[in-house]
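# Coordinate inspection notes
Each chain is listed here by its residues.
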Amino acid sequence: MLKIVYPICCGIDVHKTFVVACIAITDNKGITTYKRHRFSTFTQGLRELSQWLELFSCFDVCMESTGKYWIPVYNILEPSVNITLAHPKYVKAIRGKKTDMKDAQWIAELFKHDLVAGSFMPPQTIRELRDLMRYRFKLTNFASSEKNRFQNSLTVSNIQIASVVSDTFGKSALKIIERILEDPEQSMPTAKELETLIHGSLIKKLPELELAVDGFITPEQQIKLRIIKEHFDALTLCKKHLEETILELAQPYQNEIQVIQTTPGFKNELSAVALISEIGVDMSEFHSSKHLCSWAGLAPTNNESAGKKKSVRISKAGCYLKPLLVQIANAVVKSTKYPEIRNKYLNIKKRRGHKKAIIGIARKLLTAIYHMLKNQEVYQAQLFSDMIDIPTSREITTEQALKLIKRQGYKITAGI
């Protein structure tokens, strides 16, 4: 018989306009009775839910994370009860026996035996920081899209500035484009005009620039280019204000940010803030560095049946954290400043290829950061390779150990 961990607990099935709560009360004889009620997701309804839980002395609640609908419920209940937020796949009811009431009861049944794996929930300040950092990521994507649209319009108009300058949104390039957009029906800028608009090393490329701007912009493309430029400027301004708010909100975590900034590739303060916004600063939330890497979607899955191993790809978890770590890993492996990282990358790459090697480096970086935050120490080369969680309960026979040594390329000889 399964042990009852929570004698009084509640399972909540969350929907857009209402929630269904089921309190499971187990007596000393192991007999469970259920109290069910449906509440509105308006604030008043959620306050009534909180009072209802308090009436039955229920302080342990489990609910599934359905879209964004769970957030208002979590915000109202967080101060008064202990909430376990579960991924829907861990509390899904049996097909064919699903109703809202049965779903809530099923969640309560699983939770009272402590069979539900709770999701990682950082403190309120970290959650606010995470929300702003993810919005910053979206603004960056929007700005990149507008840059691409701007360049496409120039290409359509046969303005080939991108073939001469490195950045179409650089000062010199924008001055040239502004001159062209003033009156597209006029002749394109001459060499003498271009000379007054450019500076620095571009003066050497004056003949090429004169050829690059020899195009034709229609009135429709002119309007489109101006709208794109205005939208891009607005996005840049919004992003700047957002970053100021983010840095102000991150002030209490300056010690942790400075520690992370010693890690290769994390010199930018916002990169360190982005990492903290995803994993928090309290590493005791994770059992080990392996648990953190698995949560971030950087560890292969286990998929074995009948002695056969099937696909073990990394999961889709960490949709914001994983791209950040992969981007930084791609930059770090090109540098010779950190041979412990580059050598590890080259070693994996020749056996498994670039993509798997980069994921391996991203995992190593996250492992190092885990120990840095846990021990409050700056980055050191040995952290990247030596600081691993050594299992204490695993066993191996002498025969298995010999086979393992042979696979590593060692030749076994008799002892002296």
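Everything numeric here is computed off the predicted structure, so don't read it as measured data. (Residues numbered from 1 in each chain as written. Predicted model: local features only at pLDDT ≥ 70, side-chain atom pairs only at ≥ 80, totals over all residues. Heavy atoms only, no water.)

## Topic: the pattern of salt bridges
Put simply, the rule reads: Any carboxyl oxygen of Asp or Glu within 4 Å of a side-chain nitrogen of Lys or Arg constitutes a salt bridge here. Only DSSP runs of H or I with at least four residues qualify as helices, and only runs of E with at least two residues qualify as strands; both kinds are numbered from the N terminus onward. When a residue's accessible area, from a 1.4 Å probe over protein chains only, is under 20% of the maximum for its type it is buried; when over 50% it is exposed; and in between it is partly exposed.
In the structure shown here, the tally under the stated rule is 8 salt bridges. A salt bridge links Glu243 to Arg136; its shortest N-O distance comes to 2.9 Å. Highlighted residues: Glu243 in helix α8 (residues 219–249) and Arg136 in helix α4 (residues 124–156), separated in sequence by 107 residues. Arg136 matches Glu243 in its accessibility class, with the two residues each being buried. With a closest N to O distance of 2.3 Å, Arg149 and Glu146 form a salt bridge. With Arg149 and Glu146 both in helix α4, this residue pair falls 3 residues apart, about one helical turn. Judged by its relative accessible area of 7%, Glu146 is buried.

## With respect to the packing of aromatic side chains
Rule in force here: Centres within 6.5 Å make a pair out of two Phe, Tyr or Trp rings, where for Trp the six-membered ring is used; the pair is then stacked when the planes are under 30 degrees apart, edge-to-face when over 60, and tilted otherwise. Whether a charge sits over a ring comes down to the Lys NZ or Arg CZ being within 6 Å of the ring centre and within 35 degrees of the ring normal.
This structure, assessed with the given rule, holds 11 aromatic pairs. Ring plane angle 50° and centroid distance 4.4 Å describe the contact between Phe169 and Phe232, whose orientation is recorded as tilted. Separated by 63 residues along the polypeptide, Phe169 in the loop between α4 and α5 (171–182) and Phe232 in helix α8 bring together distant segments of the chain. Note on accessibility: Phe169 and Phe232 belong to one class, buried. Clustering of aromatic rings is evident, with ring pairs tying together Phe39, Trp52 and Phe56. Taking NZ or CZ as reference, Arg38 lies 3.6 Å from the ring centre of Phe18, over its face.

## Topic: the sheet that holds strand β5 (residues 82–86)
Defined as follows: Think of it this way: DSSP has to see at least two bridges between two strands before they count as a pair. Angles shown run from 0 to 180 degrees and are taken between the N-to-C directions of axes, each axis being a line fitted to C-alpha atoms and, for helices, limited to the stretch in contact. The contact criterion used is simple: two residues touch if any of their non-hydrogen atoms lie within 4.5 Å.
Pairing in this open sheet of 5 strands is mixed, and the strands run β3-β2-β1-β4-β5 from one edge to the other. The two strands at the open ends of the sheet, each matched to only one other strand, are β3 (32–40) and β5. In this sheet, neighbouring strand axes are inclined to one another by 20° on average, regardless of whether the strands run parallel or antiparallel. As paired elements, strand β2 (residues 18–26) and β3 share 9 bridges and run antiparallel to each other. Looking at the pairing, Cys22 lines up with Arg36 of β3. Helix α1 (residues 43–55) rests against β1 (8–14), β2, β3 and β4 (60–64) of the sheet, and its axis sits at about 160° to β3. Contacting β1, β2, β3, β4 and β5, helix α3 (residues 100–112) runs over the sheet at an angle of about 140° to β1.

## Digging into the nonpolar core
Let me state the cut-off plainly: Buried residues of nine kinds, namely Ala, Val, Leu, Ile, Met, Phe, Trp, Tyr and Cys, make up a nonpolar core once their side-chain atoms join them within 4.5 Å.
Among the nonpolar cores identified, the biggest contains 77 residues, and Ile161, Ile176, Ile260, Leu275, Ile279, Leu325 and Leu366 are the most heavily contacted of them. Excluding residues that lie within four positions of it along the chain, Ile260 makes contacts with Phe266, Ala272, Leu275, Ile276, Ile369, Met372 and Leu373. Grouped together as the second largest cluster of nonpolar side chains are 22 residues, Ile12, Leu46, Tyr74 and Val81 included.

## Here we look at the state of the cysteines
Selection criterion: Cysteine sulfur atoms that pair up within 2.5 Å are treated as a disulfide.
The final tally for this structure, using the stated rule, is 0 disulfides. Cys9 takes part in no disulfide bond, and the closest cysteine sulfur to it belongs to Cys58, at a distance of 6.4 Å. When its relative accessible area of 0% is taken as the criterion, Cys9 is described as buried.

## Some remarks on the side chain of Thr84
Secondary-structure assignment places Thr84 in strand β5. On the accessibility criterion, Thr84 (18% relative accessible area) is buried.

## Quick notes on a positive patch on the surface
Using the following cut-off: A patch consists of residues whose relative accessible area exceeds 30% and which take part in no salt bridge; residues with like charges are grouped when within 9 Å of each other, and nonpolar side chains (Val, Leu, Ile, Met, Phe, Trp, Tyr) when within 5 Å. Throughout, the Shrake-Rupley method with a 1.4 Å probe supplies accessible areas, and for residues the shown protein chains are the sole cover considered. Neither His nor the chain ends contribute to the count of charged residues, in which Lys and Arg are positive and Asp and Glu negative. In this description, the location of a charge corresponds to atom NZ of lysine, CZ of arginine, CG of aspartate or CD of glutamate.
Together, Arg313, Lys344, Lys350, Arg351, Arg352, Lys355 and Lys356 make up a positively charged patch on the protein surface. By residue number, the principal contributor to the positive patch is helix α13 (residues 339–352), which donates 4 residues. The topology assignment puts Arg351 in helix α13. Judged by its relative accessible area of 54%, Arg351 is exposed.

## Section: the packing of α8 against helix α10 (residues 269–279)
Between two packed helices, both the angle of their axes relative to each other and the distance between the axes serve to describe the pair. So the rule is basically this: Helix crossings fall into two classes, left-handed where the near helix is turned counterclockwise from the far one by less than a right angle and right-handed where it is turned clockwise. Under the convention adopted here, Pro, Cys and the residues Ala, Val, Leu, Ile, Met, Phe, Trp and Tyr are nonpolar, Asp, Glu, Lys and Arg are charged, and Gly plus all remaining residues are polar.
It is at 11 Å that the axes of α8 and α10 come closest, and there the two elements cross at 65°. Considering how the two elements wind past one another, α8 and α10 form a crossing that is left-handed. Along the contact surface, α8 presents Glu243, Ile246 and Leu247, while α10 presents Glu269, Leu270 and Val273. Within the contact of α8 with α10, the residues separate by chemical class into 4 nonpolar, no polar and 2 charged.

## Structural notes on the pairing of β4
Keep this limit in mind: We call a crossover right-handed when, viewed with both strands directed away from the observer, the connection leading from the first strand over the helix to the second proceeds clockwise.
Where burial is concerned, most of β4 is hidden: 5 out of the 5 residues are buried. Covered by surrounding structure in β4 are Asp60, Cys62 and Glu64 together with Val61 and Met63, the residues of both alternating faces. Looking at chain direction, β1 and β4 are connected through 3 bridges and run parallel. Note that in β4 the partner of Gly11 across the bridge is Cys62. Across 5 bridges, β4 lies against β5 in parallel orientation. Residue pairing in the sheet places Asp60 in a bridge with Asn82 of β5. With helix α2 (residues 70–77) bridging β4 and the parallel β5, this β-α-β connection has right-handed handedness.

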